[in-house]
Amino acid sequence: MKLLILLACLAGGPEMPLPALPEADTPEEWTAERVKLTGLFETDEYGKIPDNTDIDVRFRTMSSDSLAFDGAATRKEISVEFSDGKRKAATTVLLYVPNGLSRPAAAFFSLNFGGNHTVCDDPEITLPDSSAFRNPKYRFSESQRGADSLSWNIRETLARGYAVATYFNGDLCEDWLHGPEDDLGALLYPEGRDSLSCGFIGINAWGMSRVMDCLMREETIDPGKIIVTGCSRNGKIALWAGATDERFAMVISSSSGSGGASLFRGNTAETIADISKHFPYWMAGNFAKYAGKTEEFPVDQHQLLALIAPRPLYVSDSNRDIYAVPKDEYASVKAALPVFGLFGYDTEELDRQPETGKAIMGQVGFHTKAGTHSITAEDWRHYYDFADLHFGKPE
Ligand code: GCU
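The structure displayed is predicted, hence computed values, not measured ones.

What is the right way to look at the pairing of strand β10 (residues 364-369) in this model?
The side chains of a regular strand alternate between both faces of the sheet. Summarising burial for β10: six of the six residues are buried, a large majority. Here β10 shows a buried face lined by Val364, Phe366 and Thr368 and a second buried face lined by Gly365, His367 and Lys369. The pairing of strand β8 (residues 313-318) with β10 spans six bridges and is parallel. Bridged to Val315 within β10 is Phe366.

In structure tokens, the structure reads:
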């Protein structure tokens with residue numbers, strides 16, 4: 001049966017039916033159709049990266065220390081510099097790889113919200129230079145070191161045998177109205193921006209792909225086991241990066257909500273109008289055309305999740321989250337399942353929304369934890385298990 005028909009039965013009320021997944025009877029047909037679907041997301045939601053850019057990207061290892069965390073891991077800081085000869089943009093990737101593994105490591109790669117120094121209390125992580133930013137909120141200090149440790153859970157990630165890579169989400173595009181005009185945005189759109197240009201999400205997703213180029217060269221990382229992930233707005237970025245760059249072998253969305261895993265149709269938490277109003281610089285200019293007209297939006301987020309297939313996809317949220325509401329995320333996951341089915345995966349366990357606290361793990365995984373908008377050790381433990389399931393337990 002065509003996916004189109006299946007979907008019509010599965011999702012969307014009569015008031016606002018979901019846009020159908022492209023018609024496909026075979027993985028080959030789907031693969032051809034996914035290119036067109038990606039194009040719709042570029043045009044109407046996340047924006048388009050120009051086909052040819054004159055951007056030169058250089059990687060430079062700034063430091064490497066095999067004695068991080070009392071010898072449990074090797075810490076590297078790698079500078080990634082973008083230039084077109086006139087303008088520049090840069091970020092610093094912080095990478096931890098567990099020592100003593102018998103094979104190159106699988107890695108979780110996620111952006112961070114507050115600067116690399118916030119992800120754990122390692123005193124050696126370089127503090128970002130506040131004067132390099134235009135956003136007055138970006139002020140970095142020693143007192144913030146490790147402020148986000150609980151959301152990152154890095155020691156346990158390393159103990160479970162996984163590497164971690166991150167960079168600050170404001171480095172390549174500051175998270176404010178002017179962000180897309182500066183830094184990497186200025187390099188991507190030297191002639192000026194238009195309604196198709198990427199905003200904060202699309203620019204950072206492309207940035208993640210360039211950092212992926214760098215991670216793939218690391219001998220201690222398995223290039224076939226790099227997981228793109230992120231929480232909240234960084235989860236939206238992770239999903240779009242995973243959709244557009246199939247080198248990411250697994251995609252994990254943590255409370256990504258609207259513009260991430262949640263459907264826009266039927267969403268009462270954050271609508272297209274809300275995102276366009278509060279974060280107009282996140283998406284392509286075209287996106288705002290659909291504010292108040294969700295029914296005319298040519299795509300919806302189940303199709304974004306479908307773009308991850310057949311790679312393993314995991315979506316998680318919290319039962320008291322007011323942004324990433326579980327019913328909106330689950331409805332989206334459910335509507336994407338037929339594409340995973342097309343690749344032969346049994347997704348029956350997800351036919352019903354899992355109760356809070358229960359994780360489902362097949363080719364598609366899902367859980368809702370008890371709590372508010374957050375990522376915690378509980379979420380990470382499910383992600384480690386999901387990675388173990390698909391990649392094998394690290395040794
Ligand atoms: C805001 C925004 C959400 C986003 C969240 C976050 O609440 O409205 O869409 O996911 O920030 O990034 O924490």
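What's the story with the sheet that holds strand β6 (residues 221-231) in this structure? I'm lost.
Through backbone hydrogen bonds, the strands of a sheet pair up, either in parallel or in antiparallel fashion. The strand order across the open sheet built from 10 strands is β1-β2-β3-β5-β4-β6-β7-β8-β10-β9, with neighbouring strands paired in mixed fashion. One side of each edge strand has no neighbouring strand; the edge strands of this open sheet are β1 (56-67) and β9 (360-361). In the packing of helix α8 (residues 233-244) onto the sheet, contacts are made with β4 (105-112), β6, β7 (250-254) and β8, and the angle to β6 comes to roughly 140°.

When you look at unusual backbone geometry in this model, what are you seeing that I'm missing?
Among all residues except glycine, the phi angle is most often negative; among peptide bonds, the trans geometry is most common. Cis rather than trans, the peptide bond between Ala309 and Pro310 has omega equal to 0°. A positive phi angle is found at Phe69, which is not glycine, with a value near 50°. Along the chain, Phe69 turns up in helix α3 (residues 68-71). The phi dihedral of Ser255 falls on the positive side, at around 45°, and the residue is not glycine. If you trace the backbone, Ser255 turns up in the loop between β7 and α9 (272-278). When its relative accessible area of 1% is taken as the criterion, Ser255 is described as buried.

Would you take a moment to explain the pattern of salt bridges for this structure?
The final tally for this structure, using the stated rule, is 25 salt bridges. In this structure, the salt-bridge partner of Asp84 is Arg87, at a minimum N-O distance of 2.5 Å. The class for Asp84 is partly exposed, based on a relative accessible area of 22%. Between Glu181 and Arg134 there is a salt bridge, with the nearest N and O atoms lying 3.4 Å from each other. Here Glu181, found in the loop between β5 (163-168) and α6 (183-188), pairs with Arg134, found in the loop between β4 and α4 (149-152); they are 47 residues apart in sequence, far enough to count as distant. Assessed through its relative accessible area of 43%, Glu181 is described here as partly exposed. Three or more residues are tied together by salt bridges with common partners; here these are Arg210, Asp213, Asp245 and Arg247.

The rules behind these values
- Residues numbered from 1 in each chain as written.
- Predicted model: local features only at pLDDT ≥ 70, side-chain atom pairs only at ≥ 80, totals over all residues.
- Heavy atoms only, no water.
- Buried < 20%, exposed > 50% of the residue type's maximum accessible area, 1.4 Å probe, protein only.
- Helix = DSSP H or I, 4+ residues; strand = E, 2+ residues; numbered from the N terminus.
- Pairing = 2+ DSSP bridges.
- Contact = heavy atoms within 4.5 Å.
- Axes fitted to C-alpha atoms, helices over the stretch in contact; angles between N-to-C directions.
- Salt bridge = Lys/Arg side-chain N within 4 Å of Asp/Glu carboxyl O.

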